[in-house]
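Chain residues, written in single-letter form:
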Amino acid sequence: MNSFLRPSAMMAMMRRRSQGGMRAATASQGMKNDATTASVSNFSTTTTTPKFEKVGVIGLGLMGHGICQTIATASNNNNKIIAYEQNPTNLQLGKERIESSLNQLITKNKMTSETASSVLGKITFTTDMDALYEQELIIEAIIENLQLKQELYSELGRKCNSNTIFASNTSSLPIVDISVSSQRPNQFVGIHFFNPVQKMKLVEVIRTEYTDPVVFDAVFDWVRQIGKVPVSCGDTPGFIVNRLLVPSLLQAMLMVDRDDATIADIDLSMQLGAGHPMGPLHLADYIGLDTCLYIVQGWVEKYPDEPAFVIPESLVAKVAAGDLGRKTGRGFYVWDGDKRGDPAH
């Protein structure tokens with residue numbers, strides 16, 4: 001689906017109800033409607049379709065380092081990529097992750113050492129936030145904490161070039177709730193990459209009710225330019241993939257709660273009966289059960305009348321016990337590193 005579908009009347013009504021308190025709170029922080037309106041009209045009448053030769057990436061963790069590497073690999077020598085981390089240790093770890101990934105490509109004869117050096121040469125690694133302010137597109141990939149993201153974008157909105165476009169890589173938070181803090185929600189989109197970024201082709205590009213169509217189209221086209229496959233989505237919970245995927249994981253957990261079927265049989269059924277590469281409980285372990293719980297708790301709180309958003313007892317119990325799946329060695333299954341073992345009991 002390459003054209004944007006506006007939210008349905010029901011979703012719009014839900015959004016208006018849920019955002020009443022949020023808009024009041026943001027107004028108290030200086031996010032006035034008249035400033036938003038001025039930003040929208042000014043940008044729409046004076047700005048042509050941008051070409052993103054100067055891109056900033058905030059956060060070099062699991063997702064951010066992959067985003068940074070992907071952009072640098074696909075871009076030409078004119079591009080200037082700023083990779084920002086507040087913490088010097090995290091900055092170094094992100095750089096080492098990129099270097100390690102490039103070295104693997106060299107070892108597999110999928111990239112020459114000269115090309116790898118060129119890729120790294122396009123990236124400026126820094127803990128100086130001022131380096132971001134002249135970038136044309138800034139992609140944020142920090143932890144899934146709404147308040148932290150709002151604080152970040154509030155500062156970026158005040159200090160960045162007036163035509164800078166912002167894009168959040170959030171996988172679960174409403175884009176509109178983040179965008180209003182920037183004072184330029186018309187220049188704000190969601191740009192949701194998938195892990196591992198270097199290998200996964202899909203990117204969800206999300207627009208809110210405020211997003212300028214010129215901005216959306218520019219980011220959508222840019223995603224194609226860096227070798228990914230963009231899809232368009234409205235600002236619905238979880239966007240496309242997680243809106244469909246997470247409830248299916250929850251239903252599998254509810255089957256465990258009800259003792260409808262065993263963990264192994266649930267996963268085997270979806271593999272052999274639906275052609276899935278792995279079952280839903282295996283996948284939940286791989287994602288991280290704490291991540292699954294965080295996502296669904298946010299959805300339940302924000303959309304209490306949505307029947308697809310439920311919190312299974314087994315999920316709560318495992319997270320409370322510290323059994324978070326693959327990363328802790330135990331979840332619905334026992335794990336040895338990335339190797340899945342038998343169901344946990």
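I will try to describe carefully the structure that is included in this document. Fair warning: this is a prediction, and the values are worked out from it, not measured in the lab.

## Details of the overall build of the chain
And then number 1: Assigned secondary structure in the chain consists of 13 helices and 10 strands.
And then number 2: The 345 residues of the chain split such that 46% are buried.
And then number 3: As displayed, the chain offers around 16,500 Å² of accessible surface, 53% of which is attributable to carbon and sulfur atoms.

## Examining helix α11 (residues 280–287)
And then number 1: All of the buried residues in α11 are Pro280, Leu281, His282, Ala284 and Asp285.
And then number 2: Residues of α11 that are buried sit in contact with α9 (241–257), α10 (263–274), α12 (289–302), β9 (333–336) and β10 (339–343).
And then number 3: Trailing α11 by a residue or two, Gly288 shows a phi angle of about 115°, which is positive.

## Let's talk about the environment of Thr291
And then number 1: As for its placement among the helices and strands, Thr291 is situated in helix α12.
And then number 2: Taking the C-alpha atoms as reference points, Thr291 and Glu144, separated by 147 residues in sequence, lie 9.4 Å from one another.

## Quick notes on unusual backbone geometry
And then number 1: Looking along the chain, the bond that leaves Asn195 and enters Pro196 is cis, with omega of 0°.
And then number 2: Looking at where Pro196 falls in the secondary structure, it is placed in the loop between β6 (188–193) and β7 (202–207).
And then number 3: If you check the backbone angles, Gln183 has positive phi at about 65° while not being a glycine.
And then number 4: In this structure, Gln183 sits in the loop between α7 (175–179) and β6.

## Description of helix α6 (residues 146–159)
And then number 1: The terminal C-alpha atoms of α6, which comprises 14 residues, lie 20 Å apart, in line with the 20 Å expected from a rise of 1.5 Å per residue.
And then number 2: When we look at burial in α6, the residues that qualify are Lys149, Gln150, Leu152, Tyr153, Leu156 and Gly157. Summarising the axial view, the buried residues of α6 lie within an arc of 165°, below the 170-degree limit, and thus occupy one face. Exposed residues on α6 whose side chains face more than 90 degrees from its buried face are Gln147 and Arg158.
And then number 3: Of the surrounding secondary structure, the elements contacted by the buried residues of α6 are β1 (54–58), β4 (137–140), β5 (165–168), α7 and β6.
And then number 4: The residue sitting at the N-terminus of α6 and contributing the capping side-chain oxygen is Asn145; that oxygen lies 3.1 Å from the backbone nitrogen of Gln147.

## Focus: the packing of aromatic side chains
And then number 1: Summed over all chains, the structure comprises 7 aromatic pairs.
And then number 2: Where Phe52 meets Trp222, the ring centres are 6.2 Å apart and the plane angle is 85°; that geometry is what we call edge-to-face. A residue pair is termed long-range when its members are at least 10 positions apart, and Phe52 in the loop between α2 (33–46) and β1 and Trp222 in helix α8 (residues 213–225) qualify at 170 residues. For the pair shown, Phe52 and Trp222 are each scored as buried.
And then number 3: With a centroid separation of 4.7 Å and an interplanar angle of 65°, the aromatic rings of Tyr153 and Phe188 are classed as edge-to-face. One end of the pair, Tyr153, is in helix α6; the other, Phe188, is in strand β6, and 35 residues separate them in sequence.
And then number 4: Relative accessible area serves as the criterion here: at 0%, Tyr153 is assigned to the buried category.
And then number 5: Owing to a relative accessible area of 0%, Phe188 belongs among the buried residues under this scheme.
And then number 6: One cation-aromatic arrangement involves Arg207 over Phe216; the distance from NZ or CZ to the ring centre is 4.5 Å.

## Quick notes on the pairing of strand β2 (residues 80–84)
And then number 1: By the criterion of burial, β2 is predominantly enclosed, with 4 of the 5 residues buried.
And then number 2: The pairing of β1 with β2 spans 5 bridges and is classified as parallel. Residue pairing for β2: Val57 is matched across the bridge by Ala83.
And then number 3: By the bridge criterion, 4 bridges tie β2 to strand β3 (residues 123–126) in an arrangement that is parallel. Among the inter-strand pairings, Ile82 is bridged to a residue of β3, identified as Thr124.

## Concerning the packing of α9 against α11
And then number 1: Where α9 contacts α11, the axes come no closer than 9 Å and their chain directions differ by 115°. Relative to α11, α9 is oriented roughly perpendicular. Handedness of the α9/α11 crossing: left-handed. Along its contact with α9, which presents Leu245, Ser248, Leu249, Ala252, Met253 and Val256, the element α11 presents Pro280, Leu281, Leu283, Ala284 and Ile287.
And then number 2: Grouping the amino acids of the contact of α9 with α11 by side-chain chemistry returns 10 nonpolar, 1 polar and no charged.

## Comments concerning the pairing of β7
And then number 1: For β7, a buried count of 5 out of 6 residues is recorded, marking the element as mostly surrounded by other parts of the structure.
And then number 2: Examined bridge by bridge, β6 and β7 share 4 bridges and lie antiparallel to one another. Within β7, the residue paired with Ile191 across the bridge is Val205.
And then number 3: What joins β7 to strand β8 (residues 229–234) is α8, and the crossover it makes is right-handed.

## Let's talk about the sheet that holds β6
And then number 1: Reading across the sheet, the 8 strands line up as β3-β2-β1-β4-β5-β6-β7-β8 and stay open at both edges, with mixed pairing between neighbours. Looking along the sheet, the strands with just one partner apiece sit at the ends: β3 and β8. On average, adjacent strands in this sheet sit at an angle of 25° to one another, irrespective of strand direction.
And then number 2: Here 6 bridges tie β7 to β8, and the two strands are oriented parallel to one another. The residue bridging Arg207 from the neighbouring strand is Gly234, located in β8.
And then number 3: Lying on the sheet, α6 is in contact with β1, β4, β5 and β6; it crosses β5 at an angle near 170°.

Basis of the calculations
- Residues numbered from 1 in each chain as written.
- Predicted model: local features only at pLDDT ≥ 70, side-chain atom pairs only at ≥ 80, totals over all residues.
- Heavy atoms only, no water.
- Helix = DSSP H or I, 4+ residues; strand = E, 2+ residues; numbered from the N terminus.
- Buried < 20%, exposed > 50% of the residue type's maximum accessible area, 1.4 Å probe, protein only.
- Areas by Shrake-Rupley, 256 points an atom, 1.4 Å probe, with all protein chains shown as cover.
- Contact = heavy atoms within 4.5 Å.
- Expected span 1.5 Å × (residues − 1).
- Arc of directions from axis to C-beta.
- Polar contact = N/O pair within 3.5 Å; in protein donor to acceptor, adjacent residues only side chain to side chain.
- Phe/Tyr/Trp six-rings, centres within 6.5 Å; stacked < 30°, edge-to-face > 60°.
- Lys NZ or Arg CZ within 6 Å of the ring centre and 35° of its normal.
- Pairing = 2+ DSSP bridges.
- Axes fitted to C-alpha atoms, helices over the stretch in contact; angles between N-to-C directions.
- Parallel < 35°, antiparallel > 145°, perpendicular 65-115°, else oblique.
- Left-handed = near helix turned anticlockwise from the far one by under 90°.
- Nonpolar A, V, L, I, M, F, W, Y, C, P; charged D, E, K, R; others polar.
- Right-handed = clockwise from strand over helix to strand, strands pointing away.

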